[in-house]
Each structure stands twice: as structure tokens, then as C-alpha cells.
Amino acid sequence: MSDTLGNKDQNNNKKELEQKKLRRMRMIRSLLPIVGLVLVFFLFNFLTDGKMMAKLPLAMSQVYVIMIASMGVFFIMTMGGLDFSQGSILGLSAIVVCSLSEYSIPLAIIGGILTGAAIGAINGYFYVNRKIKSFIVTICTMFLFRGLIKYLTTEAPVAGSFELIELDSTALKVGCTAAVVAVGFVFFCFTKFGTYLKAIGAGEKAAKFSGIRTNRIKFLVYVLSGAITGFAAFILSIKNGSVTSSGGNQLETQILIALVLGGMPISGGAMARFGNFIVGSLLFVVLNSGLNMIGFSIPMMQLIEGIVFLIFVAIFADRKAIHVIK
């Protein structure tokens, strides 16, 4: 009898130690992106003789669009999906924003949001109703709408109105970005929305059996993500003043790198944290700007960013949950 109790105590102690170790590892993984951001910033500031600090406002001007758009993809990845069409959504929505800005700025903003939401609805329909994997659907729509962007900008870039260009100010871009992130934070952390996304990412069948309308949630998240990127197109339009055939090009890659750098698990689920895309966006911009200030060529920058990306994937990938991409 005493041997049995002793074995139980030993098993309980082992479980407690394993749980403590797991909690410690999770804490380290959650702090690693923040520590990395601070270290990378000071490293590049040292290597550029203080230029990083001096040109910080210029470097941060790149973060607004990436941070806003990556929030929508963060929601998608939390439920275990992927979206490679964000660059095309941004480019086409920016064309709509610039075109409608000739008539009314509020109309231009609404038009950009609706354009993004419409493309998101197309992604969501084929993903949810036609049961096609998310990465296949979004790659197809990426090429489809990229071709449409090139067609619409064949003769000349689509220029925005003078009133739209006049809106370009750091205060407005920071305010819009902060407002979008704040609303997303409230919904993700203080409503059932975030709980549902994590539950679907952790196990869709279990989420469905628990009463969550998974198909409806998945469709609406793709629509929401598209709408958010449509709003990001407004920020891009007031910054650039026009849209060329390369508008939004490579955004999907930048978002994916930013999310992974922020500690976002590819498989989503309960390990997703709202701060993943915020820290990741800042880290990506600092890394990209620092390499550019040092004087690396574009191929060398891509090589270094690729190596960093692989390292973070190796650290944050959940090998037990990444069996299937939805």
C-alpha cells in the first residue's frame, strides 16, 4: 500500500515538474520576440553609428500598412488558416480608394473596405463552401487579382485626388493604426470572438461539437481580414498618392515573416497571442530598415531575412499540431 502511494507521489511530482517546465518554456517563447526586437534595434543603431535612432520616424512609416493588414491575417492564422492574397487585396483596394477619392474621401474609404471584404468573401466561399484548402484558394485569388491590378494600371498609375494626398501625416497614420489595433484587441481578448478562433485552431471538430458555428466564423473572418486590408489600402494611398502595377506586391510575404518573427505559431490555436503581429511588424521593419541602412544589397537582405525567418519557424512551430494546413 505504501509503495503504491509512493509511486503516485512520484508521478504527481513528475507531472508538476513537467508542467512547470512547460510554463517556463512558454514564457521564454513569448518574451523572445520582444527581447529580439530590443536587441536588433540597438544592434543596428550601433552598426549604423546612431542612424537607426535618428531615422526612426522614417523607418516606422513602413509599419502602418503591415501592422494593420497583418492583424487580419493573424485572425486567420489563429484559426489554423492561411492567406496569400493580401498583397492583391491591398493593391486593388488602393486603386478603388484613389479612384473614388476624386468624389469623396469617406466614399473612398468605404469603397476600399468593401473591395477588400468582397475579395475576402470570395476566399471564404471557396474555402468554406467548396472545401478547398485555404492556401490553394488564396494563391489562386492572389494571381487573379494581381493580373487585374496590372491590367488597370497598364497605361498609367491610378492617382489619388489632391485632397487624399493632403491627408498624409504621421498623426493620422498613427491614429488610424492605433484605433484599428485597439478595436481588434478588445474583440480578440474580451469577447467570444478570440475564444472561438483559438478553439477552431486547436481542433475544429471539437469546436463544432461544443456548439461553435465553425463554417460561419471561418467565412466571416476572411471577410473581416479583407476589410481590414481594404482600410490599410487607404493608409497606403495617402502615403504614396497613387497606385502602380506593383501596388501591394510582396505584402503577403512580409506579413507572414512579421507574424512568425512575432512568435505566431503557424498552426494557430491557443498559443496565439494578440501581441504577435504587433511585435512582429515592428521587428520586421527594424530588421529590414537596419539592413538597408548598413548598405546590404536586396539579394543579401532577402538571404539574411530568410535565415532569420527559418530560425524563428524552428523555434515557434508546434510540431505536434502542424499535421494539416486548413
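We now turn to the structure provided with this report. (Residues numbered from 1 in each chain as written. Predicted model: local features only at pLDDT ≥ 70, side-chain atom pairs only at ≥ 80, totals over all residues. Heavy atoms only, no water.)

**Quick word on a nonpolar patch on the surface**
As a reminder of what qualifies: The patches reported here contain residues having more than 30% relative accessible area and no salt bridge. Joining distances are 9 Å for like charges and 5 Å for nonpolar side chains (Val, Leu, Ile, Met, Phe, Trp, Tyr). In this description, accessible areas are obtained by the Shrake-Rupley approach with a 1.4 Å probe, and a residue is regarded as covered only by the protein chains that are shown. A carboxyl oxygen of Asp or Glu within 4 Å of a side-chain nitrogen of Lys or Arg is what we treat as a salt bridge. Strands are runs of DSSP state E lasting at least two residues, helices are runs of H or I lasting at least four, and both sets are numbered from the N terminus onward.
Together, Leu43, Phe46, Leu47, Ile294, Phe296, Met300, Leu303, Ile307, Ile311 and Ile315 make up a nonpolar patch on the protein surface, roughly 900 Å² of accessible area in all. Counting only elements with at least two residues in the nonpolar patch, the list comes to α1 (2–47) and α15 (298–316). Examined against the element boundaries, Ile315 turns out to sit in helix α15.

**Some words on a positive patch on the surface**
Stated formally: Counting rule applied: Lys, Arg positive; Asp, Glu negative; His and chain ends not counted. The location of each charge is read from NZ of Lys, CZ of Arg, CG of Asp or CD of Glu. Each residue is assigned to one of three classes by its accessible area relative to the maximum for its type, calculated with a 1.4 Å probe on protein chains only: buried under 20%, partly exposed between the two thresholds, exposed over 50%.
A surface patch of positive charge is lined by Lys20, Lys21, Arg23 and Arg24. Tracing the sequence through the fold places Lys20 in helix α1. For Lys20, a relative accessible area of 45% puts it in the partly exposed group.

**Points about the packing of helix α6 (residues 105–129) against helix α12 (residues 214–240)**
Defined as follows: Fitted lines through C-alpha atoms give the axes, limited to the stretch in contact for helices. The angle between two N-to-C directions lies from 0 to 180 degrees. Crossings are classed by handedness, with left-handed meaning an anticlockwise turn of the near helix from the far one by less than a right angle and right-handed meaning a clockwise turn. Residues are grouped as follows: Ala, Val, Leu, Ile, Met, Phe, Trp, Tyr, Cys and Pro are nonpolar; Asp, Glu, Lys and Arg are charged; all remaining types, including Gly, are polar.
Running from N to C, α6 and α12 point in directions that differ by 145°, and their axes come no closer than 6 Å. Taken as a pair, α6 and α12 cross one another with a handedness that is right-handed. Considered class by class, the residues forming the contact of α6 with α12 number 14 nonpolar, eight polar and one charged.

**Overview of the environment of Ser297**
With respect to the secondary-structure elements, Ser297 resides in the loop between α14 (275–294) and α15. Accessibility expressed as a relative area gives 41% for Ser297, which makes it partly exposed. As for Ser297 and Lys55, which are separated by 242 residues in sequence, their C-alpha atoms are 19 Å apart.

**Digging into helix α13 (residues 251–261)**
Within α13, eight of the 11 residues are buried, leaving the element largely enclosed by the surrounding structure. Along α13, the residues that are buried comprise Leu251, Glu252, Ile255, Ile257, Ala258, Leu259, Val260 and Leu261. In the stretch just after α13, Gly263 is the one whose phi turns positive, near 95°.

**Some remarks on the pattern of salt bridges**
Pairs may arise between side chains of opposite charge once their charged atoms sit close together. Considering all chains together, one arrives at two salt bridges under this definition. With a shortest N-O distance of 3.0 Å, Lys173 and Asp168 are connected by a salt bridge. When the shortest N-O distance is used, the salt bridge between Lys218 and Glu204 registers 2.7 Å. With Lys218 in helix α12 and Glu204 in helix α11 (residues 204–209), the pair connects residues that are 14 residues apart, well separated along the chain.

**Structural notes on the packing of aromatic side chains**
Here is the rule: Centres within 6.5 Å are what make two rings of Phe, Tyr or Trp a pair, Trp counting through its six-membered ring; a difference in plane orientation under 30 degrees is then read as stacked, over 60 as edge-to-face, and the rest as tilted.
Considering all chains together, one arrives at 14 aromatic pairs under this definition. Ring geometry for Phe75 versus Phe193: centroids 5.2 Å apart, planes at 85°, classification edge-to-face. Remark: Phe193 occurs in helix α10 (residues 192–202) and Phe75 occurs in helix α4 (residues 63–78); sequence separation between them is 118 residues. Comparing Phe75 with Phe193, the two get one shared label, buried. Taking the centre distance of 5.9 Å and the plane angle of 35° together, the rings of Phe188 and Phe274 count as tilted. A residue pair is termed long-range when its members are at least 10 positions apart, and Phe188 in helix α9 (residues 170–190) and Phe274 in the loop between α13 and α14 qualify at 86 residues. Pair check on accessibility: Phe188 and Phe274 agree, each one buried. Feature note: the residues Phe74, Phe75, Phe185, Phe188, Phe190, Phe193, Phe274 and Phe277 constitute an aromatic cluster, connected by ring pairs.

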